[in-house]
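Structure at a glance
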Amino acid sequence: MGSTLLLEAQEVSKYFGGVHACEGVSLGVREGTIHAVIGPNGAGKTTFFNALSGFYYPDRGRVFFDGEEITRMPNWRRIERGMGRTFQTPSIFPELTVHDNVALGVRSKAGLAFRARPPSGEQQAVLERRVDELLGFVNLVRFKERPVAELSHGSQRLCEIAMSLSTEPRLVLLDEPMAGLAESETERIISVIRGLHDRLGLTVLFVEHNMRVVLGLAEMITVLDRGRILAEGTPSEIAANEAVRDAYLGKEVLERV
Amino acid sequence: MRFGPTRLITVGVVILLALAPFLSPLIHVDISIVNEVLLFTLAAMSANLLLGYTGLPPFGNAAFFGLGTYGAGLSIKYFHVNFIEATLLGTAAALLGALVVGPFLVRRRGIYFGLLSIAFGQVFYFIAYRFTDVTGGEDGMNFARPYLGISNFHVTLHGSGFYYLTLVVFVASILAFKLLVESPFGRTLVAIRQNEVRVRYLGLDSNRFVFVAILISATMAGLGGALFGMLNNFAWPLLMDWHQSGDFVLSVILGGSGTIWGPLLGSAIYVIGKDIISSYTNLWQIFIGALFVACVLGFPRGILGSILARFGTAPLSNESEEANWTQSPAIAADHHG
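Residues numbered from 1 in each chain as written. Chains lettered and ligands numbered in written order. Predicted model: local features only at pLDDT ≥ 70, side-chain atom pairs only at ≥ 80, totals over all residues. Heavy atoms only, no water.

Below, the discussion takes up the environment of Val138(A). Residue and element names in this part refer to chain A. Among the structural elements, Val 138 can be located in the loop between helix H4 (121-137) and helix H5 (153-166). Residues Val 138 and Ser 191, spaced 53 residues apart in sequence, show a C-alpha to C-alpha distance of 9.5 Å. Discounting residues that sit within four places of it in the chain, Val 138 has contacts with Leu 158, Ile 161, Ala 162 and Val 192. (Helix = DSSP H or I, 4+ residues; strand = E, 2+ residues; numbered from the N terminus. Contact = heavy atoms within 4.5 Å.)

To continue, consider the pattern of salt bridges. This structure, assessed with the given rule, holds 19 salt bridges over all chains. Among the salt bridges present, the one from Arg62(A) reaches Glu69(A), with a minimum N-O distance of 2.8 Å. Since its relative accessible area comes to 40%, Arg62(A) is described here as partly exposed. The class of Glu69(A) is partly exposed, set by a relative accessible area of 35%. Two residues, Glu196(B) and Arg109(B), come together in a salt bridge whose shortest N-O distance is 2.6 Å. Placement of the pair is Glu196(B) in helix H9 (residues 184-200) and Arg109(B) in the loop between helix H5 (83-105) and helix H6 (110-130), with a sequence separation of 87 residues. (Salt bridge = Lys/Arg side-chain N within 4 Å of Asp/Glu carboxyl O. Buried < 20%, exposed > 50% of the residue type's maximum accessible area, 1.4 Å probe, protein only.)

The next thing to look at is the sheet that holds strand S7 (residues 171-175) of chain A. All names here are of chain A. Taken in spatial order, the 6 strands of this open sheet run S6-S7-S8-S3-S9-S10, and their pairing is mixed. Both edges of this open sheet fall to strand S6 (83-86) and strand S10 (228-233), since each of them pairs with a single strand only. When the angles between neighbouring strand axes are averaged without regard to direction, this sheet yields 15°. Bridge count for S6 against S7 is 4 bridges, and the pairing is parallel. Within S7, the residue paired with Thr 86 across the bridge is Leu 174. (Pairing = 2+ DSSP bridges. Axes fitted to C-alpha atoms, helices over the stretch in contact; angles between N-to-C directions.)

This part takes up the interface of chain A and chain B. Contacts between the two partners involve 38 residues from chain A and, on the opposite side, 33 residues from chain B. Here chain A and chain B share an interface that buries about 2,900 Å² over both sides, 60% of which is from carbon and sulfur atoms. On the chain A side of the interface with chain B, the three residues burying the most area are Trp76(A), Glu95(A) and Phe114(A), jointly 25% of the side's total. Counting the contacts that link chain A with chain B gives 3 salt bridges. Residue Arg193(B) is joined to Glu95(A) by a salt bridge in which the shortest nitrogen-to-oxygen separation is 3.2 Å. Contributions of two or more residues to the side of chain A that touches chain B are made by helix H2 (75-81), S6, helix H3 (98-110) and H5 of chain A. Tallying contributions element by element places H3(A) first for the side of chain A that touches chain B, with 6 residues. Looking at the side of chain A that touches chain B, its residues break down into 19 nonpolar, 10 polar and 9 charged. (Buried area = accessible area lost by both parts, 1.4 Å probe. Nonpolar A, V, L, I, M, F, W, Y, C, P; charged D, E, K, R; others polar.)

Residue and element names in this part refer to chain B. Direction vectors running N to C along helix H3 (residues 31-54) and helix H12 (residues 262-278) enclose 135°, while the axes themselves pass 8 Å from each other. The orientation of H3 with respect to H12, classified from their angle, is oblique. Helix-helix and strand crossings are classified by hand; for H3 and H12 the assignment is right-handed. Here Ile 33, Glu 36, Val 37, Leu 38, Phe 40, Thr 41, Ala 44, Met 45 and Asn 48 of H3 lie close against H12, whose contacting residues are Pro 263, Leu 264, Ser 267, Ala 268, Tyr 270, Val 271, Ile 272 and Asp 275. The class makeup of the residues in the contact of H3 with H12 is 12 nonpolar, 3 polar and 2 charged. (Parallel < 35°, antiparallel > 145°, perpendicular 65-115°, else oblique. Left-handed = near helix turned anticlockwise from the far one by under 90°.)

Here it is in structure tokens:
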């Protein structure tokens, strides 16, 4: 476990009118770890995530990435700096093929997206190799020429993960990567997230409310409840935490009955 | 794909247009009307770049078209420039207009973009309308058609001559447009239309792309407007009115937004249809309106768009456009700080 913080949030708050969706949340993501943010519905997980990734800016508090303050940095520039993110509902280009979805990010990273001139043969070959590599990583090569809209929800999410990797990030933010997926698809996503960490050496921060998945995957867990931090610790610490059990685990168990 | 329907259409249309001076008398249409179609199409294409590719409703493009017309007309009237200089000055006037209003438009999306583009368009309209001493105001402004200005030839083009010159400019514009929308830049515009948030989360400043799209769009409209002015030897304020912008948008939707040839088809139906029907009745707008309704019902993606979709080659549809109709916070976030 590395000791430097790749992402750091200090007392981040976000209000919507009178609703304090996120209140003084601080968190540090160590480089090279898988870190999870969990909490029941309405806990402010996605709000917090959006404030970290620049979907909107926090009303209070500061955010740092790799030591640099990014609190009010435009989202596209954060991607240039080495962040990637996915959304609860896969954010893709539905009418474009899987290939074209990923290729746009690869062109972006290569600085070719703004050009009116087509890429040279050599550049194109490099781009294609990179697209194949990314699609290979999420195992979508066979769908390469299909419009993403035709893919299953799980495959769309994998495509989105490949897109978020196309800009070669150091940190990947995944917003409820398992939401709305069947059991078998969940397993695929879990192994891909493991691969982000184990094979690509990336730092991962993800939001999830499936406790079983989180305990098996994360090295560090932050628990949110009603916009505030309830607890933070390793999976075993979180599993043993009384407050978490009352506020979260208990409720989930009750919900299942 | 390479030798598929797209290429056939291209070759067929260019041959048809090249023969137009001989064909148009057969349907009792003057060649100047076909000429008008081509120039109207340039404006429709400029609207298509924003509407069909970038996903922004361009309800002020007539102002760029009119800036081209007035730019050419005023420079002919007051500075006695030749044809080529007038064309370039008219086009430059439109580009200059876009450089002024572009920075404001670039931050708006969906209906807000549409409303602001109407507002800016009307500003130019009222300038032409009110600045009577220079522009002739409501009565419009006459000017003589200048000589061509290529080397030592003091030729002034008329009729078919002017038409073929327009055709050369038109074909060059179509080719440039095709290269543009198929370039990495053009593909990014299409991606912006489908999901601007994702474009930004791929590390691209979408506003920069939108701004350049607005500039290119205005330049194209200005080119069409400059030639249109010299076709009629006349400029009048209603050219810049937002109804005129609406006609361009209408032609794009009629022909097929997001397609290369759709604007030509839509403009041809609109301009020639108007010419023929209005020779029989003053109520031509009713018939054009009915035709438009029939086309939208029969061809939901526009005539060409729907035909291409049937053959499975339509690059775009409009289904996801509603999602773009409101401004997303991910885009707005740029402008708080």
